[in-house]
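# Analysis of the macromolecular model
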Amino acid sequence: MSTRFMSCLAFTLLLGACAGPATTQDDATRRPGDDAAGGSSGRPDVPITRLKECSLGTAQKATQQAMLDELNFVRTQPARYAAVVEANYAGLGEDRIYLRDGVRIRMTEGRSAVREAVAFLKQARPVPPLRAFGCLSVAAQGHVKDQGPRGTIGHAGSDGSDPSRRAAKALGRKAACGENISYGPESPREHVIGLIVDDGVANRGHRENIFLAEYRSFGAAVGPHKVYRQMAVHVMCFEDFRDDAAPASR
């Protein structure tokens, strides 16, 4: 991972104790943010009630839509997004360093990871766009508020919750959801590009999560982080929850 970009992935299924792709590292060598292999059950223990109505503030609605637009851009037009990735790393040198907003960023793999991501995007099949649902952004914001002030990372909440459980709490019913998180001062585009390139992550699990065709609904939140200045959370669920936000097209 880059010196200013930390990301991690959790992926749980509704049935069975199943964790998504994760690097196989023992605790002694695990990097911050690589604690994705937990083995969540995907069966949140909350009562099934009617679907809640969640209201978002103006700023959170804008964040949700900006993240949704960027994610749907790459999901529905991966070949076109390849040029976006190439342009982002145009100044990347053989020393694995490039400038972003005047800050020197050192990558783990460098140009080879970028080339691989571009090649993947050029041959990838488009997958359906996601739809925003406010309650999922409420779940994402809850994780931001939990981790940010304490400076912690990963997918486990301070109460032991996983992404599906947090979504279920916000929704008022069971849910099967995955989650991508990044830590650092990033725009929605930088967040998505970083997860697509997945520098330093051997199995490119974050990229795989983004291109999971079965996901239907989406929520997002950003906020301050004690250590990495800012964190961004994407929640993606298999159920087709919706609010008024339509999928973006470009």
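So, here is what we can say about the structure in this document. Note that the coordinates shown come from a computational prediction; the quantities given were computed from them, not determined experimentally. (Residues numbered from 1 in each chain as written. Predicted model: local features only at pLDDT ≥ 70, side-chain atom pairs only at ≥ 80, totals over all residues. Heavy atoms only, no water.)

### Thoughts on the environment of Val144
For Val144, the location among the structural elements is in helix 4 (residues 134-147). The class for Val144 is buried, based on a relative accessible area of 3%. Remark: the alpha-carbon pair of Val144 and Val233, spanning 89 residues in sequence, is separated by 7.2 Å. Apart from the residues within four sequence positions on either side, Val144 is in contact with Pro149, Ala221, Val222, Gly223, Met231 and Val233. (Helix = DSSP H or I, 4+ residues; strand = E, 2+ residues; numbered from the N terminus. Buried < 20%, exposed > 50% of the residue type's maximum accessible area, 1.4 Å probe, protein only. Contact = heavy atoms within 4.5 Å.)

### Here we look at helix 2 (residues 78-88)
Every α-helical turn comprises 3.6 residues, leaving residues that sit three or four positions apart pointing alike. Listed as buried for helix 2 are Pro78, Tyr81, Ala82, Val84 and Val85. The buried residues of helix 2 occupy an angular sector of 165° when the element is viewed end-on, so they sit on one face. Along its buried surface, helix 2 packs onto helix 1 (58-76), helix 3 (111-123) and helix 6 (188-197). (Arc of directions from axis to C-beta.)

### With respect to the nonpolar core
The nonpolar side chains of soluble globular proteins are, as a tendency, buried together. Val74, Tyr81, Val85, Tyr89 and Val197 are the most contacted members of the largest nonpolar core, which has 36 residues in total. Elements represented by at least two residues in this core include exactly helix 1, helix 2, helix 3, helix 6, strand 6 (217-225) and strand 7 (229-237). Look past the residues within four positions of Tyr81 in its chain and what remains in contact with it is Glu70, Phe73, Val74, Leu121, Arg189, Val192 and Ile193. (Core = buried A, V, L, I, M, F, W, Y, C linked by side-chain atoms within 4.5 Å.)

### Examining the packing of aromatic side chains
In the structure shown here, the tally under the stated rule is 6 aromatic pairs. Seen from their ring centres, Tyr89 and Tyr98 are 5.1 Å apart, and the 70° between their planes marks the pair as edge-to-face. Like Tyr98, Tyr89 is buried. Judged by centre distance (5.0 Å) and plane angle (40°), the ring pair of Tyr215 and Phe238 falls under tilted. (Phe/Tyr/Trp six-rings, centres within 6.5 Å; stacked < 30°, edge-to-face > 60°.)

### Notes on the state of the cysteines
Tallied over the entire structure, the rule returns 2 disulfides. Linked covalently through their sulfurs, Cys54 and Cys135 form a disulfide whose S-S length is 1.9 Å. Between Cys54 and Cys135, the S-S dihedral sits near 95°, and the bridge is therefore right-handed. With Cys54 in the loop between strand 1 (6-11) and helix 1 and Cys135 in helix 4, this pair connects stretches of sequence that are 81 residues apart. On the basis of relative accessibility, which here comes to 25%, the residue Cys54 falls in the partly exposed class. Among the residues examined, Cys135 registers a relative accessible area of 1% and is labelled buried. In this model, Cys177 is linked to Cys237 through a disulfide, with the two sulfur atoms separated by 2.0 Å. The chirality of the disulfide connecting Cys177 with Cys237 is right-handed, given an S-S dihedral of about 95°. (Disulfide = S-S within 2.5 Å.)

So far we have only geometry, and geometry alone does not tell us how the molecule works.
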